[in-house]
Amino acid sequence: MKKTEKLNLSVVGTGYVGLTTGLALAYLGHKVHCVDKNAEIIDKLERGIPTIYEPGLEELLKETSDNMHFNSSIKEHIDMVDVLIIAVGTPSKQNGDTDLTYVEKVAQEIGRSLPPDNPLVVVNKSTVPIGTARRVETVIKEELKERGIKGNFSVASNPEFLREGAALNDTFYPDRLVIGAEDMRSINVLRQMYSPILEQNFVPPRLVPRPEDYRLPAFVTTSPTSAELIKYAANAFLATKVSFINEIAGIAEKVGADIKEVARGIGLDKRIGGSFLHAGVGWGGSCFPKDTRSLLHAGQQYGYNMPLLKAAVEVNYRQRKKIIEMLQSTIKVIRGSTVAVLGLAFKPNTDDIRESPAIDVIEELLEMGAKVKVYDPVAMDNYRSNFPYQEIEYASSVEEASREADAVALLTDWEDFLHVSWKDIAPQMKQKVFIDGRNLLREEDMQKYGFTYRGFGC
Ligand code: UGA
């Protein structure tokens, strides 16, 4: 490995972004303090127990223990860090605006504990509305003023583009690194922090191999405002792309085309690209729903109408209703029927259920008087603690959930569901109806096993 000067870093917030970033930077040789107010989280992480489900995380926790410290506050180490990364949650408010309480609390704490002379680069990695880099700077300055000192710090915006379930891969092998900063010092320090990633001169972690076709990432420097908008625009574009293919899936169904063939046919055009063209029940998660809402809210604040984005959101939620319509057109009467919902997570390889399509679909089914059985390989505990419906039956396998059911509604594209013997399950169901909310299985196979199969756009 080429020798690069290692930095001391503090990463505040141990969610998907904070923990993954902290671990990756520790693996690359930096000294990292991961900070979280929640003592239980810190205790677990110190004992090497991951607090989120993410492939490869547990092994990396063990491997990085020499470079990694876990703390409940920044006070003890702020005087020795070069970069402090803010990666705390930024939930949605009722009106679609973003709640910056946690970000502002970190900024206050920085202002209260920053030593007078040590230079510090503060990095906004949380997804934040336009102007938050400025806001963080103002909050820190106000606190420093109270203390009668000026301090020596700068604030940069460095949005994150990692996907849950592939978080480590996306952190070690990004397409680009975006740094929004007003000063050269911040840019140089962050270039140094990311240099192993920019140059790819590290030995890949065992469970996170470098993709064969991977090319060195671009280092994009912009104004903080552009960086903030890049983050929202990227997520809004991807969300719109999924809604676009879902809208086309609807017309494909009407005219008798197959959306998988259509998606392949358009995705091979390099200007369009094949990813995010998978039709189905639509997007959920902590990012697309929140970020589209936040961007629409920004438009509203500026008196700027965003009809395209509004439509993308509308199409997305229509997909959830479509699951119910598919059930109505197959099993006909929902009341008194048993529906096995497979998949609670908003996407595979995560236990995250935030804004998952399953939440709305289950709620609607219960309201309509169906008996609901559910199964998910990892997200069941999470779902149960957030939605403690008495009437739901939790199954321990796909087979158990489907037994005696009138219909199966598959809502998450877990690979496990591909390896189930549907041939053996079919005879155990009351009515053999299969609603494939992710177009995961092959229609011909399912029909061969006796299922009435409905997918999106086929
Ligand atoms: C998304 C972005 O992809 C990341 O780049 C970004 O960093 C992240 O949000 C964030 O802002 O933190 P994530 O929400 O983890 O990542 O998940 P995606 O893989 O983007 O999937 C989002 C949703 O779209 C899922 O519900 C997925 O099932 C759905 N989807 C995705 C489709 O329905 N079809 C597709 O073709 C692709």
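Up top is the structure these notes are about.
So, here's what we can say about the structure. Within any chain, residue numbers begin from 1 and follow the written order of that chain's sequence. It should be noted that, the model being predicted, local features are given only for residues of pLDDT at least 70 and side-chain atom pairs only at 80 or more, the latter also being counted only at that level, while totals for whole chains, interfaces and linings use all residues. By convention in this description, side-chain values take in all heavy atoms of the structure and omit both hydrogens and water.

Regarding its fold elements, the protein presents 17 helices and 14 strands. Structurally, the protein occupies a C-alpha span of about 75 × 50 × 45 Å along its principal axes. Exposed residues in this analysis have more than 50% of their type's maximum accessible area, buried residues have under 20%, and partly exposed residues fall in between, with area computed by a 1.4 Å probe over protein chains only. For the protein, the proportion of its 458 residues judged to be buried stands at 54%. Here the contacts in the protein between residues at least 6 apart in sequence split such that 73% fall between residues at least 24 apart. Strands here mean DSSP runs of E at least two residues long; helices mean DSSP runs of H or I at least four residues long; both are numbered from the N terminus. Residues count as neighbours in contact if any of their non-hydrogen atoms are within 4.5 Å of one another.

The next thing to look at is the site of the ligand. Here a residue is near a molecule or strand as soon as one of its heavy atoms is found within 4 Å of it. In the vicinity of the ligand, 21 residues are found, and the nearest of them are Phe161, Leu162, Glu164, Lys231 and Asn235. Polar contact criterion, stated in full: a pair of N or O atoms within 3.5 Å, where within protein one must be able to donate a hydrogen and the other to accept it, and residues adjacent in sequence count only if both atoms are side-chain atoms. At 3.1 Å from an oxygen atom of the ligand is found a main-chain nitrogen or oxygen belonging to Gly284. In the environment of the ligand, an oxygen atom lies 2.9 Å from a nitrogen or oxygen atom belonging to the backbone of Phe346. Method for areas: the Shrake-Rupley scheme with a 1.4 Å probe, in which residue coverage is limited to the protein chains shown. When the ligand is considered free in solution it has 710 Å² of accessible area, and contact with the protein chains removes 90% of it. Looking at the shell around the ligand, the element that brings in the most residues is helix H9 (residues 224-255), giving 4 residues. Here the residues of the shell around the ligand sort into 10 nonpolar, 4 polar and 7 charged. When residues of the shell around the ligand are sorted by domain, at least three fall in each of domain 1 (8-222) and domain 2 (317-454). Amino acids are sorted into nonpolar (Ala, Val, Leu, Ile, Met, Phe, Trp, Tyr, Cys and Pro), charged (Asp, Glu, Lys and Arg) and polar (every other residue, Gly among them). Marked domain ranges trace back to an automatic or database domain assignment.

This part takes up unusual backbone geometry. The backbone of Phe276 shows a phi angle near 60 degrees, a positive value even though the residue is not glycine. Along the chain, the position of Phe276 falls in the loop between helix H10 (259-267) and helix H11 (288-301).

In this scheme Phe, Tyr and Trp rings, the latter by its six-membered ring, pair at centre separations within 6.5 Å, and the angle between planes marks the pair as stacked below 30 degrees, edge-to-face above 60, and tilted otherwise. Applying the stated criterion to the full structure yields 15 aromatic pairs. An angle of 40 degrees between the planes, with centres 5.5 Å apart, marks the rings of Phe172 and Phe202 as tilted. Here Phe172 is found in helix H6 (residues 167-172), whereas its partner Phe202 is found in the loop between helix H8 (195-199) and strand E8 (218-222), with 30 residues between them in sequence. Look at Tyr383 and Phe387: their rings are 5.1 Å apart centre to centre, the planes differ by 25 degrees, and that puts the pair in the stacked class.

So, on to the nonpolar core. We define a nonpolar core as any set of buried Ala, Val, Leu, Ile, Met, Phe, Trp, Tyr and Cys residues linked to one another through side-chain atoms lying within 4.5 Å. If you look at the biggest cluster of nonpolar residues, it comprises 54 residues, and the most contacted ones within it are Ile362, Leu365 and Trp422. Sorting elements by how many residues they give to this core places helix H13 (residues 357-367) first, with 6 residues. If near-sequence neighbours (up to four positions away) are discounted, Trp422 is found in contact with Leu342, Val398, Ser402, Phe417, Phe434, Leu441, Met446, Tyr449 and Phe451. By size, the runner-up hydrophobic cluster in this structure holds 44 residues, among which are Ala24, Tyr27, Ala156 and Tyr214.

On to H11. Multiplying 1.5 Å by the residue count of a helix minus one yields the expected span of that helix. Taking 1.5 Å of rise per residue, the 14 residues of H11 would be expected to cover 20 Å, and the 20 Å separating its terminal C-alpha atoms lies within 8% of that figure. Buried residues dominate H11, accounting for 11 of its 14 residues. Those residues of H11 that sit buried are Phe288, Pro289, Lys290, Asp291, Thr292, Ser294, Leu295, Leu296, His297, Ala298 and Gly299. Where H11 is buried, its residues touch H9 and helix H12 (307-330). Residue Gly303 follows H11 closely and has a positive phi angle near 65 degrees.

Turning next to the sheet that holds strand E11 (residues 393-394). In sheet architecture, strand pairing relies on hydrogen bonds along the backbone and comes in two forms, parallel and antiparallel. Spatially, the 6 strands line up as an open sheet ordered E11-E10-E9-E12-E13-E14, and their pairing is parallel. Each end of this open sheet is capped by a strand with a single partner; those strands are E11 and strand E14 (452-454). Here the rule is simple: two strands pair whenever DSSP picks up at least two bridges between them. Taken together, the 4 bridges between strand E9 (residues 338-342) and strand E12 (residues 407-410) define a ladder with parallel strand orientation. Counted as the bridge partner of Leu342 is Leu410 from E12. To get an axis, a line is fitted to the C-alpha atoms, and for a helix only the part in contact is used. The angle between two axes follows their N-to-C directions and goes from 0 to 180 degrees. Packed onto the sheet, H12 meets E9, E12, strand E13 (433-436) and E14 and runs at close to 160 degrees relative to E13.

Bringing the pairing of strand E1 (residues 8-12) into the picture now. With 4 of 5 residues buried, E1 is to be regarded as a mostly interior element. Pairing geometry for E1 and strand E2 (residues 31-35), over 5 bridges, is parallel. Opposite Asn8, over in E2, you have Lys31 as the bridge partner. Orient the strands so they point away from the viewer, and a crossover whose first-strand-to-second-strand path over the helix runs clockwise is right-handed. On the question of chirality, the crossover connecting E1 to the parallel E2 by way of helix H1 (residues 16-27) is right-handed.

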